[in-house]
Amino acid sequence: MDTFGDRTSDDEGRLQSHAQTIRDVVEQGVLADQVGIDFIGIGEHHTDDFPLSAADVVLAAIAARTARIHVGSAVTVLSSDDPVRVFQRYSTLNAISGGRAEVILGRGSSIDSFPLFGYDLADYEGLFEEKTNLFAELLKGGPVTWNGKTRAPLSDQDVVPHTESEPFPVWIGVGGSPQSVIRAAGYGFSLMLAIIGGSPARFAPFAQLFHQALEQFGQDPRPVGVHSPGHVAATDEQAREEFWPHYLETIRRYSKIRGFAIPTRESFAYEVGPHGALYVGSPETVAQKIATNMTTLGANRFDLKYGMPGLAQHAMLSNIELYGTKVIPLVRHLLA
């Protein structure tokens with residue numbers, strides 16, 4: 001499961017504070033561990049709706065209260081961060097969690113961090129390419145010598161803390177760029193396909209390209225994951241009625257700055273149907289859709305981006321419990 005730290009509301013629909021939302025996310029992570037979910041990721045954002053600007057701190061709090069679940073970013077906006085500090089934070093998280101940390105790196109579909117940290121959007125591609133290159137060097141372990149344009153060079157620099165054994169898993173989040181798919185393969189990172197609208201089947205060529213590129217680069221086979229939004233409730237009707245008003249309001253708000261088309265009831269019905277990108281419904285409906293699309297895409301992993309700004313904490317927790325106790329066992333049965 002992934003979350004952007006969507007701001008929760010109380011039972012009367014009043015938005016909770018940022019601080020309470022962060023505490024709610026910790027409780028969500030603890031419950032996810034208890035009901036058998038394998039991974040919880042937090043996506044970096046810097047807005048009033050998604051106040052999770054320091055995901056690694058929250059993940060450390062979850063790691064300290066759990067024993068099994070893997071914890072990681074979904075995604076870390078590497079373009080506007082320092083790769084050395086990202087490596088240090090997640091190697092520290094790996095130590096706290098006893099080797100359960102992962103990181104998903106992204107260029108950032110949400111660009112709020114660029115002006116916040118003084119980066120120019122004109123450098124969008126170059127920043128990510130160069131910083132990914134440095135991050136790959138850091139993962140090799142040992143003193144690092146590196147030179148580039150985006151930060152000071154490193155000369156035989158020891159970067160701590162060291163990981164105890166192998167490097168923690170690294171994924172590249174891709175929203176539709178073939179160049180990003182090839183980049184992930186070139187560095188030997190895993191591929192996470194972010195599918196937030198339209199037919200998931202259209203991403204099948206990206207998975208095929210990834211496997212072909214891995215072979216051409218002489219890299220070992222790597223997993224392909226899928227990240228998509230959704231919400232699980234007892235029935236299809238309940239899930240859709242809980243999710244729809246918050247989905248509509250969120251897309252309406254961000255359409256002004258992201259150019260999203262404002263959804264209608266008809267477009268929403270398509271997206272939650274068998275050919276759309278939203279996994280909203282009963283455990284049986286969501287499980288069948290996950291299994292179908294994992295097969296279509298040749299994916300090894302599915303991450304449900306749960307929640308939506310304004311959903312109540314009790315709805316979030318119910319979603320997590322149903323996902324862990326009902327959806328995941330059904331998916332495994334369907335794919336067996």
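Note that the structure is predicted; figures quoted are calculated from it, not measured. (Residues numbered from 1 in each chain as written. Predicted model: local features only at pLDDT ≥ 70, side-chain atom pairs only at ≥ 80, totals over all residues. Heavy atoms only, no water.)

Visitor: Pulling in residues and values, what's your account of the side chain of Thr66?
Guide: Relative to the helices and strands, Thr66 resides in the loop between α2 (55-64) and β3 (70-73). On the accessibility criterion, Thr66 (10% relative accessible area) is buried. Among the polar contacts made by the side chain of Thr66, one reaches the side chain of Arg100 at a distance of 3.0 Å. Sequence-distant contacts of Thr66, defined by excluding residues within four places in its chain, comprise Gly29, Val30, Asp33 and Arg100. (Helix = DSSP H or I, 4+ residues; strand = E, 2+ residues; numbered from the N terminus. Buried < 20%, exposed > 50% of the residue type's maximum accessible area, 1.4 Å probe, protein only. Polar contact = N/O pair within 3.5 Å; in protein donor to acceptor, adjacent residues only side chain to side chain. Contact = heavy atoms within 4.5 Å.)

Visitor: Summarise the packing of aromatic side chains; cite the residues concerned and give the values.
Guide: Per the stated rule, a full pass over the model turns up 11 aromatic pairs. Ring centres of Trp244 and Phe268 lie 4.9 Å apart, and the angle between their planes is 45°; this geometry places the pair in the tilted category. Of the two residues, Trp244 is situated in helix α8 (residues 236-258) and Phe268 in helix α9 (residues 265-272); the sequence distance between them amounts to 24 residues. A relative accessible area of 9% means that Trp244 is categorised as buried. In this structure Phe268 comes out as buried when scored by relative accessible area, which is 3%. Consider the rings of Tyr247 and Phe268, whose centres lie 5.6 Å apart with planes at 40°: the pair is tilted. Highlighted residues: Tyr247 in helix α8 and Phe268 in helix α9, separated in sequence by 21 residues. (Phe/Tyr/Trp six-rings, centres within 6.5 Å; stacked < 30°, edge-to-face > 60°.)

Visitor: So what's going on with the pairing of strand β10 (residues 224-232)? Which residues, and what values?
Guide: Of all nine residues in β10, nine are buried, a share of seventy percent or more. In β10, alternate side chains face the same way, and those of Val224, Val226, Ser228, Gly230 and Val232 on one face and Gly225, His227, Pro229 and His231 on the other are all buried. Across four bridges, the pairing between strand β9 (residues 190-194) and β10 is parallel. Its bridge partner lying in β10, Ala194 is registered against His227. Where β10 meets strand β12 (residues 301-306), six bridges bridge the pair, whose relative direction is parallel. If you follow His227 over to β12, its bridge partner there is Asp303. Pairing geometry for β10 and strand β11 (residues 279-281), over three bridges, is parallel. (Pairing = 2+ DSSP bridges.)

Visitor: So what's going on with the environment of Ser73? Which residues, and what values?
Guide: Among the structural elements, Ser73 can be located in strand β3. In sequence terms Ser73 and Leu105 are 32 residues apart; their C-alpha atoms lie 7.7 Å from each other. Every residue in contact with Ser73, bar those within four places of it in the chain, is listed here: Phe39, Ile42, Leu59, Tyr90, Glu102, Val103 and Ile104. In terms of polar contacts, Ser73 uses its side chain to reach the side chain of Thr76, at 3.1 Å. Within the structure, the side chain of Ser73 is placed 2.9 Å from the backbone nitrogen of Ile104, a separation counted as a polar contact.

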